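Summary of structural features
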Amino acid sequence: MNEYRKLVSMKSDGSENDIESDIERSLKQLQQVNSQMQTWVSSGGSEVLSHTLTRHMEILQDLSQEFFRLRSSLRAKQQHASLLDFRDFDRASFDVEEAADSSDQSLLKEQATIIRSTGQVDNVISQANAALGALMSQRSTFGGITTKIGSVGSRLPMINQILSSIRRKKSMDTIILSLVASVCAFLIFIYWLST
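Analysis parameters
- Position labels on residues start from 1 in each chain and follow its written sequence.
- The predicted nature of this model means local features are confined to residues of pLDDT at least 70 and side-chain atom pairs, given and counted, to a pLDDT of 80 or more, with totals for whole chains, interfaces and linings taken over all residues.
- Heavy atoms throughout the structure, all of them, feed into the side-chain values; hydrogens and water do not.
- Under the scheme used here, helices are H or I runs from DSSP no shorter than 4 residues and strands are E runs no shorter than 2 residues, and both carry numbers assigned from the N terminus.
- Exposure categories follow from relative accessible area, calculated using a 1.4 Å probe and restricted to protein chains: below 20% of the type maximum is buried, above 50% is exposed, and the middle band is partly exposed.
- Every residue pair with non-hydrogen atoms within 4.5 Å of one another is taken to be in contact.
- Residue types Ala, Val, Leu, Ile, Met, Phe, Trp, Tyr and Cys, when buried and joined through side-chain atoms within 4.5 Å, form a set referred to as a nonpolar core.
- UniProt positions are given in the numbering used here, feature names are shortened, and annotations may be inferred rather than shown by experiment.
- Salt bridge, as applied in this entry: a Lys or Arg side-chain nitrogen positioned within 4 Å of an Asp or Glu carboxyl oxygen.
- Simply put, an axis is a line fit to the C-alpha atoms, just over the touching stretch for a helix, and the angle between two N-to-C directions goes from 0 to 180 degrees.
- By convention the crossing between two helices is left-handed if the near helix lies anticlockwise of the far one by an angle smaller than a right angle, and right-handed if it lies clockwise.

Things to note about the overall build of the protein
What the protein contains, in helices and strands, is 6 helices and 0 strands. In the protein, buried positions account for 13% of the 195 residues. Contacts in the protein between residues far apart in sequence, at least 24 positions, make up 54% of those at least 6 positions apart.

This is how it looks when you write it as structure tokens:
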């Protein structure tokens, strides 16, 4: 199963059929073993064997589900690769130069163009889906930050009062400092006029 998982994650080289048949054979053998264990447990086997049988049936179900999922993923990749494989549409494979009928040539060229366009549209759609996913995650992040800030502000109203007290004190200090500077400047100006 690990080899098959690696094969699905890499590019297919045609060896998947052998591995698939080995996995299917192993899954059938495991199914037969489970059936034999079930008949033995139902004929009066111990509770330990019943627990073992349940575990083996869960393992068989998990392996079967994973195998079918991997196989469908591999089939989808192969189909996608065959649709996007433009080497099938080169001039040598279709013998376009040697084709006697010009309508066949134009149909083959049109089919190749349509498949190329479909591949490009698929790429654009996948990029748009990736961008949409990134934007949605950013939106949820920003929404979470706004919610957290609001909850902190609502839980700690004393912080707002402390901040407003600090602002009032700062503005009062600024007013007092400007008054002192004005008085000093006025006294210096009077002293300068008197001398």
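Next comes the rest of the account.
As for the nonpolar core
Core analysis: the largest hydrophobic core is formed by 11 residues, namely Tyr-4, Leu-7, Val-8, Ile-19, Ile-23, Leu-27, Leu-30, Leu-60, Phe-67, Leu-70 and Leu-74. Breaking this core down by element, the ones donating at least two residues are helix 1 (2-9), helix 2 (16-42) and helix 3 (47-84).

Here we look at the UniProt feature "transmembrane region" (unreviewed entry) in the protein
Under the feature "transmembrane region" (unreviewed entry), the UniProt entry names residues 174-193. Across residues 174-193, the secondary structure splits into 100% helix and 0% strand, with the terminal C-alpha atoms separated by 28 Å.

Things to note about the pattern of salt bridges
Per the stated rule, a full pass over the model turns up 4 salt bridges. Residue Asp-22 pairs with Arg-25 through a salt bridge whose shortest N-O separation is 3.0 Å. Of the two residues, Asp-22 and Arg-25 both sit in helix 2, 3 residues apart, roughly one turn of that helix. On the accessibility criterion, Asp-22 (37% relative accessible area) is partly exposed. Across the salt bridge formed by Lys-169 and Asp-173, the nearest N and O atoms sit 3.8 Å from each other. Note that Lys-169 and Asp-173 are positioned in helix 6 (residues 157-194) at a spacing of 4 residues, about one turn of the helix. Its relative accessible area of 54% is what places Lys-169 among the exposed residues.

Things to note about the packing of helix 1 against helix 2
The packing of two helices is summarised by the inter-axis angle and the distance between the axes. Running from N to C, helix 1 and helix 2 cross one another at 145°; their axes reach a closest spacing of 10 Å. The way helix 1 lies across helix 2 gives a crossing that is left-handed. Packed against helix 1, whose contacting residues are Glu-3, Tyr-4 and Leu-7, the element helix 2 presents Glu-16, Ile-19, Glu-20 and Ile-23 at the interface.

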